[in-house]
Amino acid sequence: QVQLVESGGGLVQPGGSLRLSCSASGITFSNYGMGWYRQAPGKQRELVATISTGGRTNYADSVKGRFTISRDNAKNTVYLQMNSLKPEDTAVYYCNAVLRLLEIYNYWGQGTQVTVSS
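Residues numbered from 1 in each chain as written. Predicted model: local features only at pLDDT ≥ 70, side-chain atom pairs only at ≥ 80, totals over all residues. Heavy atoms only, no water.

1. What about the overall build of the protein?
Part 1 of the argument: Assigned secondary structure in the protein consists of 0 helices and 11 strands.
Part 2 of the argument: Starting at the N terminus and walking to the C terminus, you meet the elements of the protein as β-β-β-β-β-β-β-β-β-β-β.
Part 3 of the argument: Relative to its length of 118 residues, the protein is compact, with a C-alpha radius of gyration of 14 Å against a globular reference of 13 Å.
Part 4 of the argument: For the protein, the spread of C-alpha atoms along the principal axes amounts to about 45 × 25 × 25 Å. (Helix = DSSP H or I, 4+ residues; strand = E, 2+ residues; numbered from the N terminus. Rg over C-alpha atoms; globule rule 2.2 N^0.38 Å.)

If you want it as structure tokens, here you go:
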């Protein structure tokens, strides 16, 4: 059974920092591209950052220079370091794992709430 479990969300003031973690089980983690997505109330889910199996990263323009995605294959964990947080970063953040073979294997975590407010 595949599980992606996010942690690290919470309430933070503008300009503050949070570090999200996503621990994976039930998959060969090193074979999967990993990503973070977010969904704000009334909006569609959007990509925040991805990291490939080889460590190549990609970021949404809105978070470039502020967020950093990383992975630790030994711990089956992907991280999202979020600095200089803004109120518009408020959303539920979801972890994603994807493997593209003849089929696409795509898994989501349950989400963790990030609220940026004074």
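2. Observations regarding the sheet that holds strand β8 (residues 77-82)
Part 1 of the argument: An order of β1-β3-β8-β7 is seen for the 4 strands of this open sheet, with the pairing classed as antiparallel. The strands lining the two open edges of the sheet, one partner per strand, are β1 (3-7) and β7 (67-72). Between one strand axis and the next, the sheet turns by 15° as a mean value, whatever way the strands run.
Part 2 of the argument: Bridge analysis of strand β3 (residues 18-25) against β8 gives 6 bridges, and the strand direction is antiparallel. The residue of β8 that forms the bridge with Leu18 is Met82. (Pairing = 2+ DSSP bridges. Axes fitted to C-alpha atoms, helices over the stretch in contact; angles between N-to-C directions.)

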